[in-house]
Amino acid sequence: MTTARYRPTWDLVLDPLVSCKLCLGEYPVEQMTTIAQCQCIFCTLCLKQYVELLIKEGLETAISCPDAACPKRGHLQENEIECMVASEIMQRYKKLQFEREVLLDPCRTWCPSSTCQAVCQLQESSPQNPQLVQCKACDIEFCSVCKSNWHPGQGCQENMPVSFLPGETR
């Protein structure tokens, strides 16, 4: 952790120190970053560590202002994130965003084959009903709801294997 440097009193009028809400250190404005959406300000090092941690842990795709009391509940924009993290971390962030988009899109699903993991398109007319999906990448046919092999004429529950918790008997 870095410490604020001592400066003579006459310098403070020209270049005041600003407090970081995360580490509570005081730094010159040049060492601070302001989140565009909410105008909250943090030392660049703290904000960078916060953003990197969230991306590395895969915890969020919309990175919110680290101030829990932020009145505007701001979020960092993609260009703000890109300016403070390394390119491989930014690639991970974009991958997490894409995975979330697919997860939330009722007309797209992931191929269940562990060797494929392609994104497959569902029919837009009834994405919530079980339908045959054929992966264009590996040609596997599966059920859009339960992800098992396609089971025409059977409901998904009938096709699902029965699993027991440890200690339960059959």
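This structure is a prediction, so every number in the text was calculated from the model and none was measured. (Residues numbered from 1 in each chain as written. Predicted model: local features only at pLDDT ≥ 70, side-chain atom pairs only at ≥ 80, totals over all residues. Heavy atoms only, no water.)

1. What about helix α2 (residues 44-57)?
Right, on to step 1. Taking 1.5 Å of rise per residue, 14 residues should cover 20 Å, and α2 covers 20 Å from first to last C-alpha, within 8% of that figure.
Right, on to step 2. Three or more residues of α2 are buried, namely Cys46, Leu47, Tyr50, Val51, Glu52, Leu54 and Ile55.
Right, on to step 3. In the core, the buried residues of α2 are packed alongside β3 (32-34), β4 (41-43), α3 (78-84) and α4 (87-104).
Right, on to step 4. Among the residues trailing α2, Gly58 stands out with phi positive, at a value near 65°. (Helix = DSSP H or I, 4+ residues; strand = E, 2+ residues; numbered from the N terminus. Expected span 1.5 Å × (residues − 1). Buried < 20%, exposed > 50% of the residue type's maximum accessible area, 1.4 Å probe, protein only. Contact = heavy atoms within 4.5 Å.)

2. Focus: the confidence of the model for the chain
Right, on to step 1. Averaged over every residue, the pLDDT of the chain is 84; residues scoring 70 or more account for 82%.
Right, on to step 2. Per-element averaging of pLDDT across the chain places helix α1 (residues 9-14) at the bottom with 53 and β4 at the top with 95. (pLDDT = per-residue confidence, 0-100.)

3. Re the environment of Val51
Right, on to step 1. Structurally, Val51 is set in helix α2.
Right, on to step 2. By relative accessible area, Val51 is classed as buried at 0%.
Right, on to step 3. Residues Val51 and Met84, spaced 33 residues apart in sequence, show a C-alpha to C-alpha distance of 8.4 Å.

4. Focus on the nonpolar core
Nonpolar side chains in soluble globular proteins tend to be buried together.
Right, on to step 1. Ranked by size, the top nonpolar core spans 25 residues in total, and within it Cys20, Val51, Ile63, Leu76 and Ile81 carry the most contacts.
Right, on to step 2. Listed by contribution, the elements that provide at least two residues to this core are β4, α2, α3 and α4.
Right, on to step 3. Element by element, the count of residues in this core is highest for α2, at 6 residues.
Right, on to step 4. The contacts of Val51, once residues within four sequence positions are left out, are Ile63, Leu76, Ile81, Met84 and Val85.
Right, on to step 5. Judged by nonpolar contacts, the second largest core, of 7 residues, contains Ala118, Cys120, Leu122 and Val133. (Core = buried A, V, L, I, M, F, W, Y, C linked by side-chain atoms within 4.5 Å.)

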